[in-house]
Amino acid sequence: MNNIDLDKYFKPDLKQARKRTQSSIEELQFDIGDAHQKIGLGKTYKIDTYGCQANEADSETMAGILELMGFIATHDEAEADVIIINTCAIRENAESRIWGELGRLKNYKRQNPDLILGLAGCMAQEENVVERILKKYQHVDIVFGTHNIHKLPEYIETAMFNKERVIEVFSREGDIIENLPKVRQHKFKAWVNIMFGCDEFCTYCIVPYTRGKERSRSREEIVGEVFELVKQGYQEVTLLGQNVNAYGKDFKDVDYTFGDLLRDLEQTGIKRIRFTTSHPHDLDLKTMEAMRDCPHVMPFFHLPVQSGSNPILKRMNRHYTKDSYLAKLNELKTIVPGISVTTDIIVGFPGETEEDFLETLDLVNLAQFEGAFTFVFSKREGTPAAKYEDNTPEDVKKQRLYILNERINEGYLKGNTRFLDQIVHVLVDGVSKHDDTVLAGYSEHNKLVNFKGDPSLIGTIVPVKITQAKTWFLLGELA
Ligand code: 5AD
Ligand code: SF4
C-alpha cells in the first residue's frame, strides 16, 4: 500500500488538541450496521495493549467491536489477520518499546501481505508519530486515535477491501460514544469508564492532548452498566477517568459529582468499588464522606502528589502546595480511618534542585504512603515543560529515583505489616505466578495476598488470615 498524497489523511494537531471550547459534548450511540457484521468471519485478531487502565478498557472495546464483526481472538501473531497495537505516550521509554514492536511486526507483514496492522491509542494522537509512520512505517495500514475507536469497522473494511492506508486521528475535543460492545478481560472484575479526557494541563503531561476535554458519562449510563455487571456475576468495578474527582463538573443542568456517583453505585449490589485516578485539587469532602458511608467503596486511595516542593508544584501547574496536599490527606485519613494511600512521584522535573528533592522526601515521610509509582521526568514534545531549562544530569536524576524508591519501599512494608494476624477479604484473581497451588488476589486495601487454596475459589471473595508481611505482598491462610 503506497501513499501518494500525504495531505489526504486526517492527522493529529497538538495545538488544536490543547483548545477547550464551550461547545457541548455529543452523546452518540454505537451501531455496527449490517455491512460490517460479517467482514471478520473465519478471521482472527490480536490486540497488544500498552499503558494505563484507560487503554486496557479501550482494548476491551476494540475486541468487542472486532468480535461483532466476526473476528476471533488469537495469541498467535503468525496466524492473526488483524493486529492492533494500542499505544501509550506518557513517557519516552513507553514509546521506544512500541517503535521496536512495530519494527518487529514487519516480518509478519512480509510473510502475510494481507495482514492488517493497526496503531491506536495515545501515540496516534501525536503529530510527530503520525509523520514518522507515514514516511517510515509503510507496513502500518491503519492509524486511529482515542476519539474514534467506534469507527474501527470502517477502517478495517477500507484497509481490507480497498487496500488503502487509513490514517484518521481527530484532535477536536471528543464526544461520548455509548452502547459500545466489550470483551472484558476478566469475568469478575471490570473497568467502567465514568469520564474521558483531562483539563488539568499539568505542564509535563501529554494526556490532555491525547485524550481531549474532560467529559463525564451520564449517571444513568454508568449505573446501568454496573447493574448489568452485577447481573452477570461481577464482584468488583474500577471506575476509570484521568481525574475521577472532576466527574460531573462538566454537567450543565445537574449538580451531580463523584461523591453522588459513589453513593448511587453503592446501591447497585456490586461488592467492591474502586476508582483511579485522582487529582488532589479536585478531591472534595463529599467524596471522602461517601467513602466513609459506603462499605462497598474500598478503603484505598491513589492520590498522585508528583513532588513535595512548592516551586516545582507551581511549575507543574498542580494547584496545591505541600501543606495543602498534606492537609487534604489528613482530612481523608480522619474521615476514612485505616485507608491505604498510594501516590505517583516524578523526580528530575526541569530545574529540580537538591533542596526541592529533599522536600519530596520529607513529604513522603509525612504522608506515610503505602506505595508509589515513581518516575524520572520524561520530556514530551508539545507540552510546556518540554521547553523548560533542564540542567540536572541524568545520573543525578537516577540517583534521586533510587533514594526515593528506598523510602517508598519502607512504606510498602509498613503498610503490609499493619495487617499481620488480621483477617482480610481477598477477591481471588487466579493462581500465583510462581506456584500453582497458591492463590493470589487483592484485599480491601489493595494489598496483594498469597495463600493456599483451591482454584475453584477464583472469582470469589474469601477471608484470609495474614501470617507474614513482605514488602510486595502478604502471605496468609484461609480463615
Ligand atoms: N514524565 C514522567 N512521568 C510522567 N507522568 C506523566 N507525565 C510524565 C512525564 N512527562 C507520570 C505522573 C502521572 C503518571 C500517570 O505518570 O506521575 O501521575
Ligand atoms: Fe496528566 Fe495532570 Fe491530567 Fe493526570 S491530572 S492526566 S498528570 S494532566
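Data block above holds the structure.
What counts, and where the lines are drawn
Residues numbered from 1 in each chain as written. Chains lettered and ligands numbered in written order. Predicted model: local features only at pLDDT ≥ 70, side-chain atom pairs only at ≥ 80, totals over all residues. Heavy atoms only, no water. Phe/Tyr/Trp six-rings, centres within 6.5 Å; stacked < 30°, edge-to-face > 60°. Helix = DSSP H or I, 4+ residues; strand = E, 2+ residues; numbered from the N terminus. Buried < 20%, exposed > 50% of the residue type's maximum accessible area, 1.4 Å probe, protein only. Lys NZ or Arg CZ within 6 Å of the ring centre and 35° of its normal. Pairing = 2+ DSSP bridges. Right-handed = clockwise from strand over helix to strand, strands pointing away.

1. Considering the packing of aromatic side chains
Scanning all chains against the criterion turns up 14 aromatic pairs. A centroid spacing of 5.2 Å and a plane angle of 85° characterise the contact between Phe10 and Phe170, whose relative ring orientation is edge-to-face. Of this pair, Phe10 sits in the segment before helix 1 (14-18) while Phe170 sits in the loop between strand 7 (166-168) and strand 8 (176-178); the two residues are 160 residues apart in sequence, bridging distant segments of the chain. In this structure Phe10 comes out as partly exposed when scored by relative accessible area, which is 47%. Connected via pairs of aromatic rings, a cluster forms that spans Tyr204, Phe349, Phe377 and Tyr388. Arg18 extends its terminal NZ or CZ atom over the ring of Phe201, reaching a point 4.6 Å from the ring centre. Geometry around Trp99 places Arg132 over its ring, the cationic atom sitting 3.9 Å from the centre.

2. Considering the pairing of strand 4 (residues 82-87)
Most of strand 4 is tucked away: 6 of the 6 residues are buried. Both faces of strand 4 are covered, namely the face carrying Val82, Ile84 and Asn86 and the face carrying Ile83, Ile85 and Thr87. Pairing geometry for strand 2 (residues 44-49) and strand 4, over 5 bridges, is parallel. By the bridge assignment, Asp48 is partnered in strand 4 with Ile85. Summarising the sheet, strand 4 and strand 5 (residues 116-121) pair through 6 bridges and their orientation is parallel. If you follow Ile84 over to strand 5, its bridge partner there is Gly118. For the crossover that starts at strand 4, traverses helix 3 (residues 92-111) and ends in the parallel strand 5, the hand is right-handed.

None of the figures reported here should be taken as evidence of function without further support.
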